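Below are the chains, spelled out letter by letter.
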Amino acid sequence: MTPRPLASVSVDLDNLWAYLKTHGDPGWRDRPSFLPSAVPRLLEILGEQGLTTTVFVVGADVVREDGAKAVAEIAAAGHEVANHSFGHEPWLHRYSRERLEDELSRTEAAITAAGAPRPSGFRGPGYSVTRDLVELLAERGYAYDASTLPTWIGPLARAYHNRTAKAAEEGLGELFGGVSRVLAPVHAYRWQTCAGSTLVELPVTTMPLLRTPIHGSYLLQLHAISPRLARAYFRTALRLCLVRGVSPSLLLHPTDVLGAADAPGMEFFPGMAAPGARKVAWLGWVLSALREHFDVVGTGEYVSRTAVRRTRPVTRLDAGR
């Protein structure tokens, strides 16, 4: 019997305060959290689908009681816990090497203190990735990075953010990825570091050929316009992945299961007008459709089970980007 192709699913556990901070809302300093609502819903729907996935967590949450509790519950359910930086600042590409190392080490310590294994995977907030970051991840023994989004839509998303944010933040010039991401690989590949080691890069999958996003937040925006259109769009993406030999890496967020009542102050974020129950039902359909065609695992499991032979020199990443 021919084995089915692999796909992966991951969750970026961005918290309410992180969205407010990026939006320029000073209320973020009170660190409001929707983790007590989001985590049980996410774990429930993943359990119903029989999936064990990867959850990228923010260190600044994990050092708090609700974040540590979330990590313990996620790990107890069998999911991989990975590193999503400490402060969740999408301008990570502006950080010095020393500050990047601090972001990694503080989050690693928080994750292990909460009872999960030391992380072997990383995703930068806002799809931030630099040469220094890749080199540091390899030096610290990480197996993979998952910070790239190969799409032309990044500059458009950045323009929308800058138009709707209450205040501009320093270093947003490459938020959501630059124009260079248009031609970035859609398949997993290995960064070849200057020290001679390698690190797997697992891009967040975009629609083959069109290179438009297919992750949860974008699907929800289409669903708000037309559920039929959203279903056709995702089915087309899956068919193209099969034809082109692309293993989908599907990205989810807490906002994919939360409505406006669960996240006060986030009315600016696309899709928040939809009730949480409707979002949960839609996400269930998306995961079921993915499982029809692929064996679905977490990002770390995907990397461990796949021979990634394509390589790119880390010098392709310009310093400071």
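As a reminder, the structure under discussion sits directly above these lines.
Read on for a plain summary of the structure. Predicted model, so just to flag it, every value in this text is computed and none were measured.

So, how was this worked out
- Residues numbered from 1 in each chain as written.
- Predicted model: local features only at pLDDT ≥ 70, side-chain atom pairs only at ≥ 80, totals over all residues.
- Heavy atoms only, no water.
- Core = buried A, V, L, I, M, F, W, Y, C linked by side-chain atoms within 4.5 Å.
- Buried < 20%, exposed > 50% of the residue type's maximum accessible area, 1.4 Å probe, protein only.
- Helix = DSSP H or I, 4+ residues; strand = E, 2+ residues; numbered from the N terminus.
- Contact = heavy atoms within 4.5 Å.
- Phe/Tyr/Trp six-rings, centres within 6.5 Å; stacked < 30°, edge-to-face > 60°.
- Salt bridge = Lys/Arg side-chain N within 4 Å of Asp/Glu carboxyl O.
- Pairing = 2+ DSSP bridges.

### Thoughts on the nonpolar core
Judged by nonpolar contacts, the single largest core of 61 residues is most densely connected at L13, F34, V57, L250, M266, L287 and L290. Considering each element in turn, this core owes the most residues, seven residues, to helix α2 (residues 35–48). Look past the residues within four positions of M266 in its chain and what remains in contact with it is L16, Y19, L20, F34, T255 and M272. Of all hydrophobic cores here, the second largest spans 17 residues; its members include L92, L104, F122 and L136.

### Focus on the packing of aromatic side chains
In the structure shown here, the tally under the stated rule is six aromatic pairs. On the numbers, 5.1 Å between centres and 70 degrees between planes, the contact of Y19 with F269 is edge-to-face. Note that Y19 is positioned in helix α1 (residues 16–23) and F269 in the loop between β8 (249–252) and α10 (276–293), a separation of 250 residues in sequence. Taken together, a centroid distance of 5.2 Å and an interplanar angle of 75 degrees make the contact between Y189 and W191 edge-to-face. With respect to class, Y189 is no different from W191; both count as buried. In textbook terms, an aromatic cluster arises when at least three aromatic residues are bridged by ring pairs, as seen for Y19, F34 and F269.

### Observations concerning the pattern of salt bridges
The full count for this structure, using the stated rule, is 15 salt bridges. The closest approach of N and O atoms between D262 and R41, which form a salt bridge, is 3.2 Å. Of this pair, D262 sits in the loop between β8 and α10 while R41 sits in helix α2; the two residues are 221 residues apart in sequence, bridging distant segments of the chain. Overall, the relative accessible area of 27% leaves R41 in the partly exposed class. Close ionic contact of E139 with R97 constitutes a salt bridge, the shortest N to O distance being 2.6 Å. Pair noted here: E139 is in helix α6 (residues 131–139) and R97 is in helix α5 (residues 97–113), with a separation of 42 residues, a long-range link.

### Re unusual backbone geometry
Phi is positive for H88, which is not a glycine, with a value near 50 degrees. Secondary-structure assignment places H88 in the loop between β3 (80–83) and α5. Residue classification places H88 among the buried positions, given a relative accessible area of 8%.

### Some thoughts on the pairing of β8
Going residue by residue along β8, you find S249 and L251 tucked away on one face and L250 and L252 tucked away on the opposite face as well. Bridge count for strand β1 (residues 6–12) against β8 is four bridges, and the pairing is parallel. Looking across to β8, one finds that S8 is bridged to S249.

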